[in-house]
Amino acid sequence: MELQEGLEVATFAGGCFWCTEAVFLELKGVHSVVSGYIGGEVENPSYAAICKGDTGHAEAIRITFDSNVISFGTLLELFFATHDPTTLNRQGNDIGTQYRSEIFYHSQFQKELSQAYMDLLTQEKVFDKPIVTKLSAVSKFYEAEEYHQNYYNQNKLQGYCSYVITPKIDKLHKVFQELLK
């Protein structure tokens, strides 16, 4: 993936990619967010295949961002503020390894900052249960089918979007207003 000068990439898995994509699309400095699959053994997985939970892939997002506008550290802060990093292979009613919490680092800097941030959250007892977020080197990222891209913004009235994603967006608007486009 060829990047424009000044742009960086972050890859996060934090449950349903419709949810995480919707949050990060709202941020100043974020150029694109792509939903996809990462961390599995099967080449070119489909949504149907990963939903069975036996390909090893996580639903994830690949964020291309301008680090002069928004830092990787700020993206980490939002990642941990908008999903539950203490539930293993689960976010709410979404259950399975494809919904795991995982950071796929693109550099030694991202790896070290991610680990330091998780250590700080643990030390400060931000969560009342241990963080189970995995930290892994980035691997092959497969873009999800087209209908998954920008899903929330195209389907806001759909039940799952209304009940699961809209509250995350409302929290984002309330708590992180200064970061919004």
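Note that the structure is a prediction, hence the values are computed from the model and not measured. Starting afresh in each chain, residues are numbered from 1 along the sequence in its written order. With pLDDT at 70 or above as the cut-off, local features in this predicted model cover only qualifying residues; side-chain atom pairs require 80 or more to be listed or tallied, and sums for whole chains, interfaces and linings still use all residues. The side-chain values count all of the structure's non-hydrogen atoms but skip hydrogen atoms and water molecules.

A. Quick peek at the state of the cysteines. Note on terminology: disulfide denotes any pair of cysteine sulfur atoms within 2.5 Å. This model, assessed by the stated rule, comprises 0 disulfides. No disulfide involves C16; its nearest neighbouring cysteine sulfur is the one of C19, lying 4.1 Å away. Each residue's exposure class comes from its accessible area (1.4 Å probe, protein chains only) as a fraction of the maximum for that residue type: buried when under 20%, exposed when over 50%, partly exposed otherwise. Given the relative accessible area of 7%, C16 is considered buried. Take C19: its relative accessible area is 4%, and that puts it in the buried class.

B. Quick peek at the pairing of strand β6 (residues 101-105). For β6, the tally of buried residues reaches 5 of 5 residues, placing the bulk of the element in the interior. Numbering of helices and strands runs from the N terminus; a helix is a DSSP stretch of H or I covering at least four residues, while a strand is a stretch of E covering at least two. Both faces of β6 are covered, namely the face carrying S101, I103 and Y105 and the face carrying E102 and F104. Sheet analysis places strand β1 (residues 7-14) next to β6, joined by 4 bridges and oriented antiparallel. Its bridge partner being in β6, F12 is matched across the sheet by I103. For two strands to be treated as a pair, DSSP must find at least two bridges joining them. Sheet analysis places β6 next to strand β7 (residues 134-137), joined by 4 bridges and oriented parallel. Paired with F104 across the bridge in β7 is S136. Read as a crossover between parallel neighbours, the route from β6 over helix α4 (residues 108-123) to β7 is right-handed. Throughout, right-handed denotes a crossover for which the path from the first strand over the helix to the second runs clockwise when the strands point away from the viewer.

C. Spotlight on the nonpolar core. Definition of nonpolar core: a set of buried residues of the types Ala, Val, Leu, Ile, Met, Phe, Trp, Tyr and Cys, connected through side-chain atoms within 4.5 Å. Formed by 40 residues in total, the largest nonpolar core has its most connected members in F12, F24, L27, I63 and L75. Only β1, α1 (17-24), β2 (30-38), β3 (58-66), α3 (72-81), α4, α5 (151-154) and α6 (159-175) provide two or more residues apiece to this core. Pairs of residues are marked as contacts when any of their non-hydrogen atoms sit within 4.5 Å. If we skip the residues at most four places from it in the chain, I63 touches E8, V9, A10, F12, F24, V30, S32, V33 and L75. A13, V34, A58 and F141 belong to the second largest nonpolar core, which has 7 residues in total.

D. Structural context of the environment of V34. As for its placement among the helices and strands, V34 is situated in strand β2. As a C-alpha pair, V34 and T97 span 63 residues in sequence and 20 Å in three-dimensional space. When residues no more than four places from it in sequence are discounted, the contact partners of V34 are A60, I61, R62, F141, E143 and Q149.

E. Layout of the UniProt feature "domain: Peptide methionine sulphoxide reductase MsrA" (unreviewed entry) in the protein chain. UniProt annotation of "domain: Peptide methionine sulphoxide reductase MsrA" (unreviewed entry) refers to residues 10-161 when read in the numbering used here. End-to-end, the C-alpha atoms of residues 10-161 are 24 Å apart, and along that stretch the chain is 30% helix and 26% strand. UniProt positions are given in the numbering used here, feature names are shortened, and annotations may be inferred rather than shown by experiment.

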